[in-house]
Amino acid sequence: MRKDSAAVFLLIAFIFLSSCEKIREYNQKPELGSLQQGLKTSVAIGYCSSVAMSAFKGDPLPDNVTTVTRHSDIYSSSWLLYINFNSGNPLPFNSNIGDIIVAGIGDAEGGVISVLFGDFDLLNHNLRLYGIQTVPVIEQEDYATGEKSILTLFVKEDIIIGNVSSDVFLNLDLSEMQFSTEMNRYSTPIPSDAYVAVKQNVWFVKVDQDETSDNMYDDMYTIHGGGQIAETDGISGGIIYHAMINTKVNYSMCTKNPISGVGFSQNFKAGGDILIDLGNTLLSFHSNCDGKAHVDFSSGKYIGYNGKDIALDLE
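Residues numbered from 1 in each chain as written. Predicted model: local features only at pLDDT ≥ 70, side-chain atom pairs only at ≥ 80, totals over all residues. Heavy atoms only, no water.

If you tally the helices and strands in the chain, you get five helices and 14 strands. A separation threshold of at least 6 residues defines the contact pool for the chain, and within that pool the share at least 24 residues apart is 60%. Counting every atom, the chain has about 15200 Å² of accessible surface; 53% of that belongs to carbon and sulfur. (Helix = DSSP H or I, 4+ residues; strand = E, 2+ residues; numbered from the N terminus. Contact = heavy atoms within 4.5 Å. Areas by Shrake-Rupley, 256 points an atom, 1.4 Å probe, with all protein chains shown as cover.)

Along the polypeptide, Val295 turns up in strand β13 (residues 292-298). Note on Val295: relative accessible area 0%, which makes it buried. Distance in space between the C-alpha atoms of Val295 and Pro30 is 9.1 Å, their sequence separation being 265 residues. Residue contacts for Val295: discarding those within four places in its chain leaves Thr281, Leu282, Leu283, Tyr305, Asn306, Gly307, Lys308 and Ile310. (Buried < 20%, exposed > 50% of the residue type's maximum accessible area, 1.4 Å probe, protein only.)

Right, let's get into the pattern of salt bridges. Counting across every chain of the model gives four salt bridges. The residue Asp158 makes a salt bridge to Arg185 at a minimum N-O spacing of 2.4 Å. With Asp158 in the loop between β6 (148-155) and β7 (159-161) and Arg185 in the loop between α4 (176-183) and α5 (194-197), the pair connects residues that are 27 residues apart, well separated along the chain. According to the relative accessible area criterion, Asp158 is buried, its value standing at 7%. (Salt bridge = Lys/Arg side-chain N within 4 Å of Asp/Glu carboxyl O.)

It is worth spelling out the layout of surface pockets at this point. Here the largest pocket is characterised by a volume of approximately 330 Å³. Taken together, 15 residues line the largest pocket, and the ones lying closest to its centre are Lys148, Ser149, Gln209, Asp210 and Glu211. Take the lining of the largest pocket: its biggest share by element is three residues, from β6. Grouping the constituent residues of the lining of the largest pocket by class yields two nonpolar, five polar and eight charged. (1 Å grid on protein atoms, 1.4 Å probe; cavity = no way out; pocket = protein on both sides within 12 Å on 5 of 7 lines; lining within 4 Å. Points joined across faces, edges and corners; volume = space filled by probe spheres on them. Nonpolar A, V, L, I, M, F, W, Y, C, P; charged D, E, K, R; others polar.)

Below, the discussion takes up the state of the cysteines. Summed over the entire model, instances satisfying the criterion amount to one disulfide. Note that Cys254 is cross-linked by a disulfide to Cys289, the S-S spacing being 2.2 Å. Measuring handedness by torsion sign, the sulfur bridge of Cys254 and Cys289 sits at about 90° and is right-handed. Taken together, the residues Cys254 in the loop between β10 (239-249) and β11 (260-271) and Cys289 in the loop between β12 (274-284) and β13 connect sequence positions 35 residues apart. Overall, the relative accessible area of 34% leaves Cys289 in the partly exposed class. (Disulfide = S-S within 2.5 Å.)

Here we take up a negative patch on the surface. On the surface, Glu141, Asp142, Glu147, Asp210 and Glu211 cluster together into a patch of negative charge. Relative to the helices and strands, Asp142 is located in the loop between β5 (129-141) and β6. (Patch = residues over 30% accessible without salt bridge, like charges linked within 9 Å, V, L, I, M, F, W, Y side chains within 5 Å. Lys, Arg positive; Asp, Glu negative; His and termini not counted. Charge placed at Lys NZ, Arg CZ, Asp CG, Glu CD.)

Take the environment of Asp193 next. Within the secondary structure layout, Asp193 lies in the loop between α4 and α5. Sequence-wise, Asp193 and Asn246 are 53 residues apart; in three dimensions their C-alpha atoms are separated by 9.9 Å. A distance of 2.7 Å separates a polar side-chain atom of Asp193 from the backbone nitrogen of Tyr195. (Polar contact = N/O pair within 3.5 Å; in protein donor to acceptor, adjacent residues only side chain to side chain.)

Let us look at the pairing of β6. Taken across its eight residues, β6 has seven buried, putting it largely inside the fold. Taken together, the five bridges between β5 and β6 define a ladder with antiparallel strand orientation. Within β6, the position partnered with Ile138 by the bridge is Leu151. With six bridges joining them, β6 and strand β8 (residues 202-208) adopt antiparallel strand pairing. Within β8, the residue paired with Thr152 across the bridge is Val205. (Pairing = 2+ DSSP bridges.)

It is worth spelling out the pairing of strand β9 (residues 220-227) at this point. The side chains of a regular strand alternate, first on one face of the sheet and then on the other. Of all eight residues in β9, eight are buried; the element is thus mostly enclosed. Of the two faces of β9, the one holding Met220, Thr222, His224 and Gly226 and the one holding Tyr221, Ile223, Gly225 and Gly227 are both buried throughout. With seven bridges joining them, β8 and β9 adopt antiparallel strand pairing. By the bridge assignment for β9, Phe204 is matched with His224.

Here the phi dihedral of Thr134 falls at roughly 45°; this positive angle occurs in a residue that is not glycine. In this fold, Thr134 is placed in strand β5. One non-glycine residue, Asp313, lies in the positive phi region at around 55°. Tracing the backbone shows Asp313 in the segment after β14 (309-311).

Written out as structure tokens, the structure is:
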């Protein structure tokens, strides 16, 4: 009888421990590393595009920007912008101090820029994002309202990881055909579905300057797109992708998180000829400046976080 009782006890203990292990397995915190990279990079490119468009138009620039003119005439200009970030002039979602260099060529309607991060640790990561090259920047007008905004986009192929020669990187001696090719990239459709954008590796950033060319902190950034800035491994063996749809950032309104829009994170693992979805998380951003987002839906490894708030850890 005692042997039977011991066997039952062991069976119950085994079931209990197995259940606890299963609960832990499906209660993992959503992994947002790729989304953090996408947000930080998109906002940095939005900031640089806003400064660049002001330089193309000859408008006043912020105090932390120094211009070195390479070429200028009535048709176009070519210059380098040295942007110094410090405690008084921070890069949104980044506490690092240092310089970013922007090379630009174009006119009052827009142009092409390359952004050199160099030693500036944009991602606070062991992986070094050196820069993003040949990014088109244009000013567009809403003909219904007359309001103007800046639009830029970058793709995975524009992103430089590691080190290259800064002289080569910042050389924008583009032929007319090369310049037109860069500007024609705007024909790429802007994604409106997070589940589609997550694998496209293209990011659109719209900037509304609020008619203050020398104040970058009241700019409203609207981000659409997703994919991977750099490969981000999940703890469960997959690779993390991200997407953002209509994600709005205004640093004067909140320094800790986007104020509205949708974020998405997905954990894929290769399994033969197919990709295995280990779990995904759909987030909504809010105007509460608490550094968090709300988990609207999560599945797989992250199912235990449905309906919870989660820290974005952007600072």
